[in-house]
Amino acid sequence: MQQTETGLEPESVASPVESVARDEAIIQVDDLNKWFGDFHVLKSLNLDVRKGERIVICGPSGSGKSTFIRCINHLEAHQRGRITVDGVELNEDVKNIEAIRREVGMVFQHFNLFPHLSVLENCLLAPIWVRKTPRNEAIETGMHYLERVRIPDQAHKYPGQLSGGQQQRVAIARALCMQPKIMLFDEPTSALDPEMIKEVLDVMVELAGSGMTMLCVTHEMGFAKTVADRVIFMDGGEIVETAAPGDFFTNPQQPRTREFLEQILQH
Amino acid sequence: MATHQPLPDQPPPISQRGWLRWLREHLFSTWYNSVLTVVIGYWLISTFVPLINWAFIQAVFTGDGADACNPDGACWVFVEQRLGFFIYGFYPAEFRWRPNLVFALFALSVVPQFLPLPTTIRKWLAIFGITGLPLAAYFLIAGGHFGLESVPTSRWGGLMLTLILAYVGILAALPIGILLALGRRSEMPVIRGICVVFIEFWRAVPLITILFMASVMLPLFLPDGVTFDKLLRALVGITLFQSAYMAEVVRGGLQAIPRGQYEAAEALGLGYWRRMQLIILPQALKIVIPGIANTVISLFKDTTLVLIIGLFDLLGAVKSTLSDPAWSNVMAEGYLFVAFCFWVFCFGMSRYSHRLEKQLETGHRN
């Protein structure tokens, strides 16, 4: 943890100042471009995320929003541009990538819990093997976060025995056990039955209240309205519009954004 | 007014219960099933009654020699008299306590795996089985250390040799196979290329050819004075051959693991080897337990091919005694004995793999 704090300093000096919050930015994305073969998925994305900021990314499917946040912890490699996370620039160096992944938690659409391990073991794995936390301490942290997502009683079950909503809450706890500085959510409620969405959103709202830096790809506009500091609308691999949720929902500037909002808010 | 009295339960009619019902449902449900039942029943009786009569009722189990045998029954005296040779080959009789001790240690590590013992005990015995046991077996059987007289491998034989070949082969082929499977899915072209070539080469050559090459050709290429033990050469050949098969079995498992598992492990910051060790392999190997058991069982039986390079494994030992003029007409007994021994071990492995599968079930479908 100390290493990353020291890592912040040189970067903040070196980067050109373009936004007010540049020196506070925990994630800096400059001119990010990515191709899948010949297909240009991400086109010159720029984004600065302040520490503690909560950003919701929305847009039609195929707009590149998932690919975008997956670039931030290098699950997808980008071909042009710069991503700097917590003072460390992402490149092909495995050490760098792993250092960033330690500080960035991720929650997936399909939970991706490890089915051969119990819920608690899922939470212990990374702290013990990556952070080298002593097992007892890791258990304590693990139970703490399982309590925060309100399923300490399921700790010794296997993921296959839990409901979708419970599994996703375990996935959130698993990511939090690494005590990350940033949390990425990739459509965390899209694979859930309607009655389970709320229990997951409740946990996420609570997490937002605790000051965690969050980037969340979601179609839950209610969640965006209540917790987001900024809403980003993506289409065709570009950031079309960025605004505070108040402005975004009541007064969208771009016709494409209006069209999208009409589509999803109609019913 | 009479109040309602519940009727007592009555047994179903005779045709609907017990073995009669079972017979009707399973054997005589239609006219053609009835015909099949009768035909197969006749065949079973006409085959197995004489067989049991020959193998047990008329058979002679103990005696001094071929004269003790009954011409109408099996002559198990042959197996009894030559058992020492079948188990140890030419291993000196005065040192047979050494392989016996190894057998005991082997039983100590294997038998508890089938008993309802605590997992930790079984785990430690299994770990002993794959680490301490081979070492102990080497020092005890080969000798030459700790004041034990050395016994050259040319005198090893019988069931002991079969078990050594199979055990070492399995123990070495599984890890090599796993590494090859991982290598074949590597993103590094050189490593992937090497693994593909290795697997495709060893898989495409018959084991018999490999054993011939190892025993006849290899010494021709080695400089003068450099010799490898024949048994060691056979072991290396078997191991490389089986590891290629094992690699493809394991690769099947690796491919069955959803991408999300890899991604979740990566996102937590786990390095490549940790991801494989903690997340991917435990799941992949569990999926391919039936395939691994299959390969292991076929490896066990393939060890009999060492016969052609002059090693006397169980089959070789039995076969060589069949030409003994003191015993005539004991071919069936000899081969049945070999078949029985192989069946016991292979069936044991099969049961163990079933047990493992059940034990590792966590109720998750990917």
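Residues numbered from 1 in each chain as written. Chains lettered and ligands numbered in written order. Predicted model: local features only at pLDDT ≥ 70, side-chain atom pairs only at ≥ 80, totals over all residues. Heavy atoms only, no water.

### Structural notes on unusual backbone geometry
All names here are of chain A. Phi at F111 takes a positive value of approximately 65 degrees, unusual for a residue other than glycine. If you trace the backbone, F111 turns up in the loop between strand 6 (104–107) and helix 4 (119–129). Residue F111 is classed as buried on the basis of its relative accessible area of 11%. Positive phi, close to 55 degrees, is recorded for N112, a residue that is not glycine. (Helix = DSSP H or I, 4+ residues; strand = E, 2+ residues; numbered from the N terminus. Buried < 20%, exposed > 50% of the residue type's maximum accessible area, 1.4 Å probe, protein only.)

### With respect to the interface of chain A and chain B
With 23 residues of chain A at the contact, the number on the chain B side is 23 residues. Its largest share of buried area at the contact with chain B, chain A owes to P115(A), H116(A) and W129(A), together 27% of the area lost on that side. On inspection of chain A and its partner chain B, the count reaches two salt bridges. The partner of E263(B) in a salt bridge is R70(A), with the nearest N and O atoms 2.6 Å apart. Those elements that provide at least two residues to the side of chain A that touches chain B are helix 3 (94–103), strand 6, helix 4 and helix 6 (164–176) of chain A. With three residues, the single largest contributor to the side of chain A that touches chain B is helix 4 of chain A. Each residue belonging to the side of chain A that touches chain B can be placed in one class, and the counts come to 14 nonpolar, five polar and four charged. (Contact = heavy atoms within 4.5 Å. Buried area = accessible area lost by both parts, 1.4 Å probe. Salt bridge = Lys/Arg side-chain N within 4 Å of Asp/Glu carboxyl O. Nonpolar A, V, L, I, M, F, W, Y, C, P; charged D, E, K, R; others polar.)

### Focus on a nonpolar patch on the surface
On the surface, L36(B), I40(B), W43(B), L44(B), I45(B), F48(B), V49(B), L51(B), I52(B), F56(B), I57(B) and F61(B) cluster together into a nonpolar patch covering about 1200 Å² of accessible area. By secondary structure assignment, the location of F56(B) is in helix 2 (residues 31–57). (Patch = residues over 30% accessible without salt bridge, like charges linked within 9 Å, V, L, I, M, F, W, Y side chains within 5 Å. Areas by Shrake-Rupley, 256 points an atom, 1.4 Å probe, with all protein chains shown as cover.)

### Some points on the layout of surface pockets
Rolled over the atoms, a probe with the dimensions of a water molecule shows which regions are left empty. Reported here for the largest pocket is a volume of approximately 2100 Å³. Together, 44 residues line the largest pocket, and A126(B), I130(B), L174(B), Y352(B) and L356(B) are the ones closest to its centre. Of all the secondary-structure elements, those providing two or more residues to the lining of the largest pocket are helix 4 (97–110), helix 5 (119–130), helix 7 (158–184), helix 12 (272–287), helix 13 (289–302) and helix 15 (331–359) of chain B. Each residue belonging to the lining of the largest pocket can be placed in one class, and the counts come to 30 nonpolar, eleven polar and three charged. The volume enclosed by the second largest pocket comes to roughly 1100 Å³. Lining the second largest pocket are 27 residues; nearest its centre among them are E187(B), E266(B), Y272(B), R275(B) and M276(B). Of all elements in the fold, only helix 3 of chain A together with helix 7, helix 8 (189–204), helix 11 (259–267) and helix 12 of chain B reach the threshold of two or more residues within the lining of the second largest pocket. (1 Å grid on protein atoms, 1.4 Å probe; cavity = no way out; pocket = protein on both sides within 12 Å on 5 of 7 lines; lining within 4 Å. Points joined across faces, edges and corners; volume = space filled by probe spheres on them.)

### Structural notes on the packing of helix 14 (residues 314–322) of chain B against helix 15 of chain B
Residue and element names in this part refer to chain B. Here helix 14 crosses helix 15 at 170 degrees, and the two axes come no closer than 10 Å. On the basis of their axis angle, the class for helix 14 and helix 15 is roughly antiparallel. Residue-level inspection shows L314, L315, V318, K319 and L322 of helix 14 in contact with helix 15, the latter providing M331, G334, Y335, F337, V338, C341 and F342. Residues that form the contact of helix 14 with helix 15 fall into these classes: ten nonpolar, one polar and one charged. (Axes fitted to C-alpha atoms, helices over the stretch in contact; angles between N-to-C directions. Parallel < 35°, antiparallel > 145°, perpendicular 65-115°, else oblique.)

### Quick word on the packing of aromatic side chains
As enumerated under the stated definition, the model contains 18 aromatic pairs over all chains in all. Look at F248(A) and F249(A): their rings are 5.2 Å apart centre to centre, the planes differ by 85 degrees, and that puts the pair in the edge-to-face class. As far as the burial class goes, F248(A) and F249(A) line up, both buried. A centroid spacing of 5.5 Å and a plane angle of 70 degrees characterise the contact between Y138(B) and F139(B), whose relative ring orientation is edge-to-face. By relative accessible area, Y138(B) is classed as partly exposed at 46%. On the basis of relative accessible area, F139(B) is assigned to the partly exposed category, the value being 27%. What links up through ring pairs into an aromatic cluster is the set F85(B), F90(B) and F312(B). (Phe/Tyr/Trp six-rings, centres within 6.5 Å; stacked < 30°, edge-to-face > 60°.)

### Description of the nonpolar core
In summary, soluble globular proteins display a tendency toward joint burial of nonpolar side chains. Counting residues in hydrophobic clusters, the biggest one holds 72 residues, and the most contacted among them are F86(B), Y91(B), W156(B), V306(B) and L314(B). Apart from the residues within four sequence positions on either side, W156(B) is in contact with Y88(B), Y91(B), I141(B), A142(B), V151(B), L161(B), I164(B), L231(B) and F312(B). (Core = buried A, V, L, I, M, F, W, Y, C linked by side-chain atoms within 4.5 Å.)

### Concerning the sheet that holds strand 1 (residues 25–36) of chain A
Pairing between the strands of a sheet is mediated by backbone hydrogen bonds and can be parallel or antiparallel. Residue and element names in this part refer to chain A. Strand order across the open sheet formed by four strands is 2-1-4-5, with antiparallel pairing between neighbours. Looking at which strands have only one partner, the edges of the open sheet turn out to be strand 2 (39–50) and strand 5 (88–89). Here strand 4 (residues 80–85) pairs with strand 5 via two bridges, running antiparallel. From the neighbouring strand, T84 faces strand 5, where its bridge partner is E89. Here helix 2 (residues 65–72) sits on the sheet and contacts strand 1, strand 2 and strand 4; the angle it forms with strand 1, its principal contact strand, is near 125 degrees. (Pairing = 2+ DSSP bridges.)

### Quick notes on the pattern of salt bridges
Applying the stated rule across the entire model yields 24 salt bridges over all chains. When salt bridges that share partners are traced, they join K34(A), R70(A), E76(A), R259(B) and E263(B) into one network.

### A closer look at the sheet that holds strand 9 (residues 230–235) of chain A
Residues and elements named next belong to chain A. Read across the sheet, six strands follow the order 6-7-8-3-9-10 without closing on themselves; strand pairing throughout is mixed. Only two strands of the sheet have a single neighbouring strand rather than two, namely strand 6 and strand 10 (238–243). On average, each strand axis in the sheet is tilted by 20 degrees relative to the strand beside it, whichever way the strands run. For strand 9 and strand 10, the ladder comprises five bridges, and the chain directions are antiparallel. The residue bridging M234 from the neighbouring strand is I239, located in strand 10. The sheet strands contacting helix 2 are strand 3 (54–58), strand 6, strand 7 (182–186), strand 8 (213–217) and strand 9, and the helix crosses strand 7 at an angle near 150 degrees.

### A look at the confidence of the model for chain B
The predicted model of chain B averages 86 in pLDDT, with 97% of residues at 70 or higher. Of the two predicted TM-score estimates for the complex, the pTM is 0.83 and the ipTM is 0.86. (pLDDT = per-residue confidence, 0-100.)

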